[in-house]
Number of protein chains: 2
Amino acid sequence: MLKANLTNPNPEQLRTFLTEHLKDDTCLIQVASECAINYTGRAASTAQAGDYLVLIKNDRCVQVHGPKGVKPVNWQPKTNRITTSIEDGLVVLKAERYSPKEIVNIIFLEPALALALTFRDHKGAVLTGSEAQMRSALARDPSVIEPGLIVLHEELPVKVGGVDLYARDQQGRFVVVELKRAKATQEAVHQLHRYVQEVSKRVPQEVRGILAAPSITNPAMAQLNMLGLEFVKVTALPAGDEENKQVSLFG
Amino acid sequence: MLKANLTNPNPEQLRTFLTEHLKDDTCLIQVASECAINYTGRAASTAQAGDYLVLIKNDRCVQVHGPKGVKPVNWQPKTNRITTSIEDGLVVLKAERYSPKEIVNIIFLEPALALALTFRDHKGAVLTGSEAQMRSALARDPSVIEPGLIVLHEELPVKVGGVDLYARDQQGRFVVVELKRAKATQEAVHQLHRYVQEVSKRVPQEVRGILAAPSITNPAMAQLNMLGLEFVKVTALPAGDEENKQVSLFG
DNA sequence: ATTTCTATGTCGGGA
DNA sequence: TCCCGACGTAGAAAT
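Read on for an overview of the structure. No experiment lies behind these values; they were computed from the predicted model shown.

Considerations on the overall build of chain A
The secondary structure content of chain A amounts to 5 helices and 14 strands. When the backbone C-alpha atoms are referred to their principal axes, chain A occupies close to 75 × 40 × 30 Å. Considering chain A as a whole, with its 251 residues, one finds that 49% of them fall into the buried category. Summarising the internal contacts of chain A: among those between residues at least 6 apart in sequence, 52% fall at separations of at least 24. About 11,700 Å² of surface is accessible on chain A, with carbon and sulfur atoms providing 51% of the total. Measuring between centres, the 29 positive side-chain charges of chain A sit 3 Å from its 28 negative side-chain charges.

A short note on the protein's contact with DNA strand D
Taken together, 25 residues surround DNA strand D, and among them V70(A), E131(A), R181(A), R42(B) and W75(B) come closest. The contact atoms of DNA strand D, taken as those within 4 Å of the protein, divide so that sugar and phosphate hold 77%. A distance of 2.7 Å is found between a phosphate oxygen of DNA strand D and a backbone nitrogen or oxygen belonging to V70(A). In the environment of DNA strand D, a base oxygen lies 2.9 Å from a nitrogen or oxygen atom belonging to the side chain of N74(B). Within the residue set of the surface near DNA strand D, elements represented by two or more residues are β5 (74-76) and α4 (218-226) of chain B. No other element matches the 3 residues that β5(B) contributes to the surface near DNA strand D. In the surface near DNA strand D, the residues fall into 8 nonpolar, 10 polar and 7 charged.

Some words on the relation of the copies chain B and chain A
Note on the copies: chain B fits chain A at an RMSD of 0.5 Å, the axial shift is 0.1 Å, and the rotation between them is 180 degrees. Such values leave the two copies arranged in the relation of a two-fold axis. Residue K71(B) of chain B places its C-alpha closer to the rotation axis than any other residue of that unit, at 4.0 Å. Most of the interface of chain B is mirrored in chain A, where 99% of its interface residues are also at the interface.

Remarks on the sheet that holds strand β14 (residues 230-233) of chain B
Residue and element names in this part refer to chain B. Pairing within the open sheet is mixed, and its 5 strands lie in the order β10-β11-β12-β13-β14. Each of the sheet's edge strands pairs with one partner strand only, and the pair in question is β10 (150-158) and β14. Neighbour-to-neighbour, the strand axes of this sheet turn through a mean angle of 30 degrees, independent of strand direction. In terms of strand pairing, strand β11 (residues 161-168) meets strand β12 (residues 174-179) through 4 bridges, oriented antiparallel. Across the sheet, the residue bridging to Y166 is V176, located in β12. With respect to the sheet, helix α3 (residues 186-202) is in contact with β10, β11, β12 and β13 (207-213), its orientation differing from that of β13 by roughly 155 degrees.

Re the packing of α3(B) against α4(B)
Residue and element names in this part refer to chain B. Their axes nearest at 8 Å, the elements α3 and α4 cross at an angle of 25 degrees. One finds that α3 runs roughly parallel with respect to α4. Residue-level contacts link Q186, V189, H190 and L192 of α3 to P219, A220, Q223 and L224 of α4. For the contact of α3 with α4, the class distribution of residues is 5 nonpolar, 3 polar and no charged.

Some points on the environment of H21(B)
All names here are of chain B. Assignment of secondary structure puts H21 in helix α1 (residues 11-22). Of the residues examined, H21 reaches a relative accessible area of 7% and is grouped as buried. For the pair H21 and N58, spaced 37 residues apart in sequence, the C-alpha to C-alpha distance is 10 Å. Apart from residues lying up to four places away in sequence, H21 is in contact with K3, A4, C27, I29, R60 and A116. Within the structure, H21 has its side chain in polar contact with the side chain of K3 (distance 3.0 Å).

Overview of the pairing of strand β3 (residues 44-56) of chain B
Judged by how many residues are buried, β3(B) sits mostly within the fold: 10 of 13 residues are covered. Summarising the sheet, strand β9 (residues 125-128) of chain A and β3(B) pair through 4 bridges and their orientation is antiparallel. For L127(A), the partnering residue across the bridge sits in β3(B) and is S45(B). With 11 bridges connecting them, strand β2 (residues 27-40) of chain B and β3(B) associate as antiparallel partners. Residue pairing across strands places N38(B) opposite T46(B), the latter belonging to β3(B). Between the end of β2(B) and the start of β3(B), which pair antiparallel, lie 3 residues. As paired strands, β3(B) and strand β4 (residues 62-65) of chain B are joined by 4 bridges and run antiparallel to one another. Each bridged residue has a counterpart across the sheet, and for L53(B) the counterpart in β4(B) is H65(B).

As for unusual backbone geometry
Phi is mostly negative for residues that are not glycine, and the peptide bonds are mostly trans. Between S99(A) and the following residue, P100(A), the backbone shows a cis peptide bond with an omega angle of 0 degrees. Unusually for a residue other than glycine, D88(B) sits at a positive phi of about 50 degrees. Tracing the backbone through its elements, the reader meets D88(B) in the loop between β6 (81-87) and β7 (90-97). At E155(B), a position not held by glycine, the phi torsion is positive, near 60 degrees. Among the structural elements, E155(B) can be located in strand β10.

Quick look at the pattern of salt bridges
Side chains that carry opposite charge are capable of pairing whenever their charged atoms lie near each other. In the structure shown here, the tally under the stated rule is 36 salt bridges over all chains. A salt bridge links K23(B) to E20(B), with the shortest nitrogen-to-oxygen separation between them at 4.0 Å. Residue classification places K23(B) among the exposed residues on the basis of a relative accessible area of 65%. Linked through salt bridges whose partners overlap, the residues forming this network are E146(A), D169(A), R173(A), E206(A), R208(A) and E230(A).

Examining the packing of aromatic side chains
Residues and elements named next belong to chain A. Enumeration according to the criterion identifies 2 aromatic pairs over all chains in this entry. Aromatic pair Y166 and F174: ring centres 5.4 Å apart, planes at 5 degrees, arrangement stacked. Look at F174 and you get buried, because its relative accessible area is 10%.

Thresholds applied
- Residues numbered from 1 in each chain as written.
- Chains lettered and ligands numbered in written order.
- Predicted model: local features only at pLDDT ≥ 70, side-chain atom pairs only at ≥ 80, totals over all residues.
- Heavy atoms only, no water.
- Helix = DSSP H or I, 4+ residues; strand = E, 2+ residues; numbered from the N terminus.
- Buried < 20%, exposed > 50% of the residue type's maximum accessible area, 1.4 Å probe, protein only.
- Contact = heavy atoms within 4.5 Å.
- Areas by Shrake-Rupley, 256 points an atom, 1.4 Å probe, with all protein chains shown as cover.
- Lys, Arg positive; Asp, Glu negative; His and termini not counted.
- Charge placed at Lys NZ, Arg CZ, Asp CG, Glu CD.
- Near = heavy atom within 4 Å.
- Polar contact = N/O pair within 3.5 Å; in protein donor to acceptor, adjacent residues only side chain to side chain.
- Nonpolar A, V, L, I, M, F, W, Y, C, P; charged D, E, K, R; others polar.
- Least-squares fit on C-alpha atoms with pLDDT ≥ 70 in both.
- Pairing = 2+ DSSP bridges.
- Axes fitted to C-alpha atoms, helices over the stretch in contact; angles between N-to-C directions.
- Parallel < 35°, antiparallel > 145°, perpendicular 65-115°, else oblique.
- Salt bridge = Lys/Arg side-chain N within 4 Å of Asp/Glu carboxyl O.
- Phe/Tyr/Trp six-rings, centres within 6.5 Å; stacked < 30°, edge-to-face > 60°.

Spelled out as structure tokens, the structure:
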């Protein structure tokens, strides 16, 4: 896994190291160094000199991590070109993206460590409890929402977006269901309202709107009532479900 | 900056290393290893064995990086407790968060490298071009949006959310301005529409709605026209601005 | 602690 | 490519 490493490299060594390993797209490159970083593109930012960890992954996306938080201080999700140079005796790495036009510039003021790690490619993570999973589970068994409900469409595209579940209730009324995997906010209520209005234009009958989520904020609940819409509690990860229990068990 | 390192450690060595350096909140810990990762909390995920880079920052947030993308495969933004143990001869790191209740479990199957890096704390990055900056700039000089516009409120809270700019035009009509720092979508149009409707309830006069953004998607533009709302082009980073030019210049 | 909103959001999917 | 919406969004600010 460890392909190469370099401690306290001088600029020439570091630049050679980077040039060399940037050619290999099976390896992740890392430099721990005092850096100055500059970004221009969708916005612009400048970071004063400080200690940072620079990661360049197999897919050549770049991220610069400071000592705090999950988010990098600077990053570039996709790079079209990475170039290195030596300016004023310091190694400069330039990560460019063409569309949108963005540049991240990293000056290595005092590199302490450079690493190249060979990353074998591997299966990604399997996620349980996503909205898509909730949706197909509810489409299979809509009685969780309400007895007698019949699902007509999953992900029905309407002009203003996509209706998560389109159904018919026991009395034959059409039902629009908006699904949220986390606590529902006012935004979700408005989204549901839009869909109900849109569907109402197209069918003569009354259209019900149901917001299905594990919980809802107080302002959202008030808004929901005012608009004559309904809330149904639905959990993403049913605690008692035997199948899910097995998936969740670990160690 | 390099505090300690360990290559191909055995489980006891790795565990001692982690225990030792987890005490020091001025250092960032890193382990490159074949791992199996498991998360339960807001959702649940399991990652098959593969090569990963595990970062534990000064603030004890944890992130596990795969070979692709800016986003970690698994992470924990805030940890209340990090524990290590040896199970079946393998080091297991458990990062817990109490609220919401979340656990990330990392099993180090074949650690190749463990590092501890001392990160001096440092100034954060200075960002230019945020929506907040745009807003205050426009509040100072609303003529950019329209000559004769007078801003009455910045961030005016309405029941359905916050109006970015609330103003009055030359003819005395009230104007609701919705601001977007990036390309405006249909969602932004609906948001503006909601605000205009809400404000219309409270004032007798006609209320104008302006969407101010650097650009707008085609469907959003169509929707905007249909609702009788307006679009004004506003860039977050004015290209010709001398001050900004200097900030943007680099290397 | 809860709610809301921004973000260089990132990422994936669909037309 | 553009466009849209989910996300374990993260993180900050206001309540």
